[in-house]
Amino acid sequence: MNRDPQIDSNGKLVHLLSIEGIPRDILISILDTARSFVSVTEREIKKVPLLRGKSVFNLFFEPSTRTRTTFEIAAKRLSADVINLNVGSSSQSKGETLLDTVANLSAMHADMFVVRHSQSGAANLIASNVAPNIHVINAGDGSHAHPTQALLDIFTIRHYKKEFAGLRVAIVGDILHSRVARSQIHALTTLGVSEVRVIAPATLLPSHLSQLGVQVFRNMTEGLRDVDVVIMLRLQNERMNGDLLPSAQEYFKNYGLTPEKLAVADPDAIVMHPGPMNRGVEIDSSVADGRQSVILPQVTFGIAVRMAVMSILAGQSQ
Amino acid sequence: MAANRKSPLPDAEQLMTALIKQIKGNIKPGTGIIGIFTGGVWVAERLHAALGTEVPLGTIDIAFYRDDYVRRGLQGNVKPSDIPFDVNDRDIILVDDVLYTGRTIRAALNELFDYGRPGCVMLAALVDRGGRQLPVAPQFVGAELKVSDDELVSLEREPDGAMQLSIKPRAEVIGKK
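None of these values were measured; they are calculated from a predicted model.

### Description of the overall build of chain B
A count of helical and extended segments in chain B gives 5 helices and 7 strands. Ordered by position from N to C terminus, the α and β elements of chain B give α-β-α-β-α-β-α-β-β-β-β-α. Taken over the C-alpha trace, chain B has a radius of gyration of 16 Å; the compact-globule value for 177 residues is 16 Å, and the two agree within 12%. On the principal axes, the C-alpha backbone points of chain B span a range of 50 × 40 × 30 Å. Among the 177 residues that make up chain B, the fraction classed as buried is 48%. At a minimum sequence separation of 6, the contacts of chain B that also span at least 24 residues come to 68%. Here chain B displays about 8,900 Å² of accessible surface, and carbon together with sulfur accounts for 50% of that area. Considering chain B, the positive charge centre built from 22 side chains and the negative charge centre built from 24 side chains are found 4 Å apart.

Written out as structure tokens, the structure reads:
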């Protein structure tokens with residue numbers, strides 16, 4: 001009963017709920033498949049017929065433009081039909097439960113749900129209650145996981161750095177509230193990255209980090225020394241108003257990525273950010289637009305990675 | 001276990017020479033050569049080198065166009081397709097190692113047409129083993145073989161580049177997957 005719901009009894013990936021629990025060979029096969037989709041997205045006709053006749057429902061209980069759009073593009077480039085539902089503004093506000101909403105959409109012959117929800121575990125709950133021929137992708141649940149973001153990040157790292165072994169990767173910012181950081185840490189350690197560091201003020205660090213096999217730094221210049229990859233996280237504005245941080249200016253002074261702070265990293269270090277960025281809060285514009293930034297390629301790769309995930313999942317239907 | 005079987009198969013290197021001979025003199029300058037992964041790419045590499053065309057070699061992995069995706073999902077390691085030339089109005093030779101049902105060729109044609117509208121498309125195969133399920137016919141062929149539906153013919157390549165054909169019971173090959 002404790003079996004990971006995203007892996008079936010034959011070891012195949014049937015849902016993507018979190019990076020935690022996915023074996024290395026499946027992660028690698030997603031990355032390899034995504035590489036082939038990059039070449040599809042560079043063609044004149046950026047579409048393949050794999051998911052023709054399938055219906056993909058984007059179920060967004062929490063607003064998101066970018067993630068929803070990239071999932072929509074990915075599904076359309078696989079020739080699926082895409083239905084976007086901003087559920088927060090419809091059934092849920094009329095009192096329908098999450099599982100009733102899903103049951104109704106399943107009755108419309110959905111083949112795949114892409115779920116974004118503010119509650120951790122929402123995608124798992126849906127995956128545990130849908131028919132076996134329906135696949136669920138977690139597009140971000142609470143502070144739990146955002147697996148496709150982590151996959152596109154490791155795809156980007158592999159693209160620029162080729163190998164994971166021997167790499168030093170630093171994740172900087174609000175680790176405590178970040179579902180992205182959690183998924184990234186699991187992905188990086190599963191793939192054998194030598195050193196995963198997190199850099200954050202004490203108020204934005206969760207307590208269980210040492211169990212995840214990461215090194216913790218409070219100081220940017222110590223933490224960034226000789227790293228090959230810098231992953232900046234978005235500082236959500238709502239965190240500024242509480243007791244966690246004094247002010248945006250203060251945060252930028254200590255944890256904002258500037259050319260001076262970046263100078264202690266490896267000269268060929270790449271700078272990543274999941275977006276949307278707050279310029280002048282967690283990242284300086286000259287770094288965001290600079291030579292080492294791969295923030296826009298991340299967005300492009302994100303579509304190929306989501307195409308890979310969707311085509312692998314949909315191919316496991318019997 | 002099939003080691004002692006008397007191989008009914010011709011020598012792949014001789015077939016390669018025969019195939020090159022057929023195509024040489026039959027292609028226009030500017031003709032593009034596209035190999036289908038995996039074995040078709042090996043054959044296409046040899047053709048491309050022997051024909052000395054200035055158009056770079058193209059490769060196609062048909063995984064995203066297979067007609068059995070719904071039943072079998074994505075199989076194995078998908079390789080990126082790469083057609084590094086403009087296919088519009090260009091004559092193309094599609095290259096596969098073993099021509100069988102014709103389904104691979106249909107998938108490759110569908111993918112090719114997503115790159116543009118080629119001129120004349122021809123098909124070259126090292127071996128035609130019969131058993132067609134679609135109206136597909138090769139223009140250039142190394143040899144025709146008669147093989148039972150219970151057996152699979154495949155091309156193998158040694159580390160030194162030498163190629164050879166092998167034949168195995170279908171059940172043995174499918175069981176491994």
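That shown, we press on.
### Remarks on the packing of aromatic side chains
According to the stated counting rule, one finds 4 aromatic pairs over all chains in the structure shown. Taking 3.8 Å as the distance between ring centres and 10° as the angle between the ring planes, the aromatic pair formed by Phe37 of chain A and Phe64 of chain B counts as stacked. Highlighted residues: Phe37 of chain A in helix α1 (residues 24-41) and Phe64 of chain B in the loop between β2 (58-60) and α3 (69-72), drawn from two different chains. Look at Phe37 of chain A and you get buried, because its relative accessible area is 0%.

### Details of the pattern of salt bridges
Residue and element names in this part refer to chain A. Taken as a whole, this structure holds 19 salt bridges over all chains when the rule is applied. One salt bridge in this structure joins Glu62 and Arg179, with 3.1 Å as the shortest N-O distance. Of this pair, Glu62 sits in the loop between β1 (55-60) and α2 (66-77) while Arg179 sits in helix α6 (residues 179-190), and the two are 117 residues apart along the sequence. For Arg179, a relative accessible area of 14% gives the class buried. Residues joined by salt bridges that share partners form a network here, namely Asp32, Arg35 and Arg158.

Definitions and cut-offs
Residues numbered from 1 in each chain as written. Chains lettered and ligands numbered in written order. Predicted model: local features only at pLDDT ≥ 70, side-chain atom pairs only at ≥ 80, totals over all residues. Heavy atoms only, no water. Helix = DSSP H or I, 4+ residues; strand = E, 2+ residues; numbered from the N terminus. Rg over C-alpha atoms; globule rule 2.2 N^0.38 Å. Buried < 20%, exposed > 50% of the residue type's maximum accessible area, 1.4 Å probe, protein only. Contact = heavy atoms within 4.5 Å. Areas by Shrake-Rupley, 256 points an atom, 1.4 Å probe, with all protein chains shown as cover. Lys, Arg positive; Asp, Glu negative; His and termini not counted. Charge placed at Lys NZ, Arg CZ, Asp CG, Glu CD. Phe/Tyr/Trp six-rings, centres within 6.5 Å; stacked < 30°, edge-to-face > 60°. Salt bridge = Lys/Arg side-chain N within 4 Å of Asp/Glu carboxyl O.

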